[in-house]
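The primary structure of each chain is shown beneath.
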Amino acid sequence: MAKQKVALECLSYHATASQDQTDKLLNDTIQSAETYNLYSFKFIDFDLEDDDTCRAVVRMFLQCNLVQMFQIPYDVLCRWVLSVRKNYRPVKYHNWRHALNVAQTMFAMLKTGRMERFMTDLEIFGLLVACLCHDLDHRGTNNAFQTKTESPLAILYTTSTMEHHHFDQCVMILNSEGNNIFEAMSPDDYRRIMKVVENAILSTDLAAYFKKRNAFLEVVDNGEFDWQGEDRKE
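Source: prediction; values computed, not measured.

Rules and cut-offs
Each chain carries its own residue numbering, running from 1 in the direction its sequence is written. Only residues with pLDDT of 70 or above have their local features reported here, since the model is predicted, and side-chain atom pairs are shown and tallied only from 80 upward, although totals for entire chains, interfaces and linings are computed over all residues. Side-chain measures were taken over the full set of non-hydrogen atoms in the model, leaving aside hydrogen atoms and water. As used in this record, nonpolar core signifies buried Ala, Val, Leu, Ile, Met, Phe, Trp, Tyr and Cys residues forming a set joined through side-chain atoms within 4.5 Å. Residue burial is assigned from relative accessible area. The probe radius is 1.4 Å, only protein chains are included, and a residue is buried under 20% of its type maximum, exposed over 50%, and partly exposed in between. By the criteria applied, helices consist of DSSP H or I runs no shorter than four residues and strands consist of E runs no shorter than two, each listed in order from the N terminus. Working rule for contacts: check all heavy atoms of both residues, and any pair within 4.5 Å makes them a contact. Expected span, for any helix, means 1.5 Å times one less than how many residues it has. Polar contacts, as used here, are pairs of N or O atoms within 3.5 Å; protein pairs need one atom able to donate a hydrogen and one able to accept it. Residues neighboring in sequence count only if both atoms are side-chain atoms.

Caption draft 1: Representation of the nonpolar core in the model. Core analysis: the largest hydrophobic core is formed by 56 residues, its most contacted members being Phe61, Trp80, Phe125, Val129, Ile181 and Phe182. For this core, the elements supplying multiple residues, two or more each, are helix 3 (50-63), helix 4 (66-69), helix 5 (74-86), helix 6 (96-111), helix 7 (121-133), helix 10 (161-174) and helix 11 (187-202). Here this core gets 10 residues from one element, more than from any other, and that element is helix 7. Setting aside residues up to four positions removed in sequence, Val129 forms contacts with Phe61, Trp80, Cys170, Ile181, Phe182 and Val197.

Below, the structure written as C-alpha cells:
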C-alpha cells in the first residue's frame, strides 16, 4: 500500500520529457565548457537560463568523452537530462539547480582537480549521473520528518529514507522509454555502474556521510594516498 501511494504520487507529479523539449535540446548549440564556467570552483548558476542549465550538463558529458565512450545516443542523453530536470520539485534548496551545482563541482574536481586520474571512465560516468540524480523528487523535508510523520516513504525505507527514494527515482527514469543512457553497456558494466550510482546517492545521507568523512580524514592524515602522483602508495 505504501509503495502504491508513493507511485501514484510520483505519477501525478512527474513525467518523462516531451518530444518537443527533446528535439529543441537536440538541435541546440552546446557552448564550450569555458563558456559555462564549468572548470571553475567559483561556478555560479545564477546567470544561466533554465535551458542553459541543460546545455551545460550535456557539455559535461561531452567534455568527459562519455557519449562516445559508452555509445550514448545523443537524443537519449538529451531526453534523459530533461527528464531528470523534470523530476525535481520546485523546493527551496534540493532542486534541479542544486543538482547542477553538485554535478559541476564533481566535474571541476575531476578536471581542474585532476581527480579523474584515479578513476575509471565507468566510475566517472556513474558519479556524474549520481550527482544529477541524488535529490530526485525531494520534498523539502528530511528523513526525521518522514519518520515522525510515518509517511509512505518512511514505511518503505526505514534507513536513509529519502536517499533510497532518490535512487529509485533515478532507476525509474532510466527504465522509462527513451531514457536509458546505459543501454549500450554490457550486463556486467551495467551492474557495476548501477552500484556506483547507488552507493554514491546513498552516501549523501548525512548520517552515513559523517562516518565516511572520519575514515576519509584518517586516510588523508596517514598519507595513505598520494594526491599529487599517478598511483596509490604501496
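Back to the text.
Caption draft 2: Examining helix 12 (residues 206-221) more closely. The terminal C-alpha atoms of helix 12 lie 22 Å apart, and with 16 residues this matches the ideal 22 Å at 1.5 Å per residue to within 8%. Gly223 lies just past helix 12 and shows a positive phi near 65°.

Caption draft 3: Molecular detail of the side chain of Asn179. Positionally, Asn179 belongs in the loop between helix 10 and helix 11. Taking relative accessible area as the criterion, Asn179 reaches 0% and is therefore assigned buried. Of note is the side chain of Asn179, whose polar atom sits 2.8 Å from the side chain of Thr16. Here the side chain of Asn179 touches Ser83 through a polar contact of 2.9 Å, side chain to side chain. If near-sequence neighbours (up to four positions away) are discounted, Asn179 is found in contact with Thr16, Val76, Arg79, Trp80, Ser83, Ile173 and Leu174.

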